[in-house]
Amino acid sequence: MDSCLHTALPPGWCVRAVARPGSRSRLAVPLAGESVPAGFPSPAEEYLEKRLDLNELLVARPESTYFVRVSGDSMIGAGIHHGDLLVVDRSLDPRPGQVIIALVDGEFTVKRLRKTPMGLELAPENPEYGVIPLSEETDFQVWGVVLHVVHKV
């Protein structure tokens, strides 16, 4: 399952199967029955409620979902850091406010789609980077809506 599934992607991009439709290869890991408070410690119950399959949690549409690794720090304000793994769905129509993967004038980027009185723009979540205005002259394609971010703590 290590080979690329989509050959029309740019060099360095590879869509890998998370779970093929109808696939029985799932990885179910234990899910604690209690949520863990982020405030003061509380006694934990030592039992597991059920098993959790990360494919079911993160991938609603396997046929249109891909992972991509982030390079750079333009989205740190959105909790997206260099080296993070994004779960992206190509089947969703992007809406203003969502984080998307876009191809802009031949370059890939991850940014927040915003609607302004001037039109659409791609906005970073780091003040050190500028907004990318989108016009009719811009060569612009949406490559998917970012649904999840996976990163180490």
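Under an unreviewed UniProt entry, the name given to the chain is LexA family protein, and the source organism is Pseudodesulfovibrio karagichevae.

> How should the packing of aromatic side chains be read in this particular structure?
Two measures describe an aromatic ring pair: the distance that separates the ring centres and the angle between the ring planes. Within the structure shown, the criterion is met by one aromatic pair. With 4.9 Å between their ring centres and 85° between their planes, Phe108 and Trp143 make a pair best called edge-to-face. With Phe108 in strand S6 (residues 107-116) and Trp143 in strand S9 (residues 140-150), the pair connects residues that are 35 residues apart, well separated along the chain. The ring of Trp143 carries Arg90 above its face, with NZ or CZ at 4.7 Å from the centroid.

> Before we go on, may I ask you to explain the pattern of salt bridges in this structure?
Throughout the structure, instances matching the rule amount to three salt bridges. With a shortest N-O distance of 2.7 Å, Asp89 and Arg61 are connected by a salt bridge. Residue Asp89 is found in strand S4 (residues 85-89), and its partner Arg61 is found in the loop between helix H1 (54-58) and strand S3 (65-69); the two are separated by 28 residues along the sequence. Residue Arg61 is classed as partly exposed on the basis of its relative accessible area, which comes to 28%. Across the salt bridge formed by Arg114 and Glu121, the nearest N and O atoms sit 2.5 Å from each other. Under the relative-accessibility criterion, Arg114 is labelled partly exposed at 35%.

> For this particular structure, what's the right way to read the side chain of Thr109?
Its location among the elements puts Thr109 in strand S6. Exposure remark for Thr109: the relative accessible area of 16% places this residue in the buried category. For Thr109, the side chain forms a polar contact with the side chain of Lys111, separated by 2.8 Å. When neighbours within four sequence positions are excluded, Thr109 is seen to be in contact with Ile100, Ile101, Ala102, Val104 and Leu122.

> Explain the nonpolar core to me, please; I cannot follow it from the model alone.
For soluble globular proteins, the rule of thumb is that nonpolar side chains tend to be buried together. Ranked by size, the top nonpolar core spans 13 residues in total, and within it Leu86, Val88, Ile101, Val110 and Val146 carry the most contacts. Elements represented by at least two residues in this core include exactly S3, S4, strand S5 (99-104) and S9. Per element, the largest residue contribution to this core is three residues, and it comes from S5. The residues contacting Val88, other than those within four sequence positions of it, are Ser64, Thr65, Tyr66, Val68, Ile101, Trp143, Gly144, Val145 and Val146.

Conventions used here
Residues numbered from 1 in each chain as written. Predicted model: local features only at pLDDT ≥ 70, side-chain atom pairs only at ≥ 80, totals over all residues. Heavy atoms only, no water. Phe/Tyr/Trp six-rings, centres within 6.5 Å; stacked < 30°, edge-to-face > 60°. Helix = DSSP H or I, 4+ residues; strand = E, 2+ residues; numbered from the N terminus. Lys NZ or Arg CZ within 6 Å of the ring centre and 35° of its normal. Salt bridge = Lys/Arg side-chain N within 4 Å of Asp/Glu carboxyl O. Buried < 20%, exposed > 50% of the residue type's maximum accessible area, 1.4 Å probe, protein only. Polar contact = N/O pair within 3.5 Å; in protein donor to acceptor, adjacent residues only side chain to side chain. Contact = heavy atoms within 4.5 Å. Core = buried A, V, L, I, M, F, W, Y, C linked by side-chain atoms within 4.5 Å.

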